Amino acid sequence: MFPYMGGKKQHSTWISPYIPSNIKTYVEPFGGAMWVYWMSNKTPVETNVYNDYNRHLCNVFSCASDDPDLFKGVLMSYYDDLHNPEKFEQYRDEVFSYRSIRFDIPDFNMAAKYMLLQMQIFTGGDNLTEKSKIYIETKYKEKYKIFTEKLGDDKYLKKLAKLTVKNDDYRKIITEYDSKDTFFYVDPPYYNMEHYYTEDDFDHADHMDLLRQLRSTNARWALSYYHFPDLEIVLPRDEFVWHEEKTHSINARVSSAERTELLIMNYPMSLTFL
């Protein structure tokens, strides 16, 4: 629903056709901005689960799904604070003071402050940190207002109404929802790019735990990654379906360099555009 580091808005058009049609539960263990869910014409299904380690992100989606009208009103009440460096730094310090605290959610004012920050940083750089500075863009409509207006859009409201929000470790979520009727879209922090994400220390052991856990699931899953050698060992090409897609990064650090995005699946590849 909004720009976010590693977001899959641009990739959702080629990822969505690979989502199986005969599923009852759709889960994103690394939810982020959850663009595949919002953009796919195959969702929502009976049960739809957003999970992320970042409690502030979970709070945003909890507010949006629990009471979108109230959240929209709270977001609008902060319009006067846009383009204000002093307010940005005040809210940044407040948000990051809660970084290690499991504050109660939904917290509508905290979510509005977090989005005011998230929507006013340069999306081509690192994600939001306790040192982030405001990036003022006057040429285009404010991203914060665009997000706010989506809470009055039926396209998003219908999917928000069917959304369950979790804030747990990915291992617990995969175990909890694992079944033959479940589909996991798995989009973890990419290998050797974990430092772009500010809320989780995701290391090599976490990557390996994830790969091994996916191997043992009953559910169907599709895993987004850039290539690294251990992928070939744990999820070999002769046992799993590997799709390669040429993409371009919008991160300023790599100057829109071409990259190969992987989508690894544990089910026969069958494009479904309906």
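Residues numbered from 1 in each chain as written. Predicted model: local features only at pLDDT ≥ 70, side-chain atom pairs only at ≥ 80, totals over all residues. Heavy atoms only, no water.

1. What about the packing of helix H4 (residues 68-76) against helix H7 (residues 143-150)?
- Where H4 meets H7, the closest approach of the two axes is 9 Å, and the angle between their N-to-C directions is 160°. The orientation of H4 relative to H7 falls into the category roughly antiparallel. Crossing handedness for the pair H4 and H7: left-handed. Between H4 and H7, the contacting residues are Phe71, Lys72, Leu75 and Met76 on the first element and Tyr144, Phe147 and Thr148 on the second.
- Residue classes in the contact of H4 with H7 are distributed as 5 nonpolar, 1 polar and 1 charged. (Axes fitted to C-alpha atoms, helices over the stretch in contact; angles between N-to-C directions. Helix = DSSP H or I, 4+ residues; strand = E, 2+ residues; numbered from the N terminus. Parallel < 35°, antiparallel > 145°, perpendicular 65-115°, else oblique. Left-handed = near helix turned anticlockwise from the far one by under 90°. Contact = heavy atoms within 4.5 Å. Nonpolar A, V, L, I, M, F, W, Y, C, P; charged D, E, K, R; others polar.)

2. Considering unusual backbone geometry
- A cis amide bond links Thr43 with the next residue in sequence, Pro44, at an omega value of 5°.
- Looking at the secondary structure, you find Pro44 in the loop between helix H2 (35-39) and strand S2 (47-51).
- Of note, the bond from Ile105 into Pro106 is cis; its omega dihedral lies within 30 degrees of zero at 5°.
- Position of Pro106 among the secondary structure elements: in the loop between helix H5 (85-97) and helix H6 (108-118).

3. Focus on the packing of aromatic side chains
- This model, assessed by the stated rule, comprises 21 aromatic pairs.
- Centroid distance Tyr170 to Phe202: 5.9 Å. Interplanar angle 50°. Geometry classified as tilted. Taken together, the residues Tyr170 in helix H9 (residues 170-177) and Phe202 in the loop between strand S4 (182-186) and helix H10 (204-215) connect sequence positions 32 residues apart. With respect to class, Tyr170 is no different from Phe202; both count as buried.
- Consider the rings of Phe183 and Tyr267, whose centres lie 6.2 Å apart with planes at 75°: the pair is edge-to-face. Note that Phe183 is positioned in strand S4 and Tyr267 in the segment after strand S7 (258-265), a separation of 84 residues in sequence. (Phe/Tyr/Trp six-rings, centres within 6.5 Å; stacked < 30°, edge-to-face > 60°. Buried < 20%, exposed > 50% of the residue type's maximum accessible area, 1.4 Å probe, protein only.)

4. Overview of the nonpolar core
- Counting residues in hydrophobic clusters, the biggest one holds 56 residues, and the most contacted among them are Met1, Phe2, Tyr26, Trp38, Phe71, Met115 and Tyr144.
- Looking at which element gives the most residues to this core, the answer is H6, with 8 residues.
- With near-sequence residues (within four places) excluded, Phe71 lies in contact with Val60, Cys63, Ala64, Phe108, Ala111, Ala112, Phe147 and Leu151.
- Of all hydrophobic cores here, the second largest spans 28 residues; its members include Val49, Tyr170, Tyr226 and Phe240. (Core = buried A, V, L, I, M, F, W, Y, C linked by side-chain atoms within 4.5 Å.)

5. Describing the environment of Lys113
- As for its position among the elements, Lys113 is in helix H6.
- Note on Lys113: relative accessible area 12%, which makes it buried.
- For the pair Lys113 and Lys87, spaced 26 residues apart in sequence, the C-alpha separation works out to 9.5 Å.

6. Looking at the pattern of salt bridges
- According to the stated counting rule, one finds 16 salt bridges in the structure shown.
- We note a salt bridge from Asp181 to Lys180, for which the minimum N-O separation is 3.7 Å.
- The exposure class assigned to Asp181 is partly exposed, which follows from its relative accessible area of 22%.
- Of the residues examined, Lys180 reaches a relative accessible area of 61% and is grouped as exposed.
- Taken together, the shared-partner salt bridges connect Asp169, Arg171, Asp206 and Asp209 into one network. (Salt bridge = Lys/Arg side-chain N within 4 Å of Asp/Glu carboxyl O.)

7. Examining H9
- Along H9, the positions that sit buried rather than exposed are Tyr170, Ile173, Ile174 and Tyr177. Looking straight down H9, one finds its buried side chains confined to an arc of 95°; they lie on one side.
- Where the residues of H9 are buried, they touch strand S1 (25-28), S2, strand S3 (163-166), S4 and H10.
- For H9, the capping residue at the N-terminal end is Asp169, with a side-chain oxygen 2.8 Å from the backbone nitrogen of Arg171. (Arc of directions from axis to C-beta. Polar contact = N/O pair within 3.5 Å; in protein donor to acceptor, adjacent residues only side chain to side chain.)

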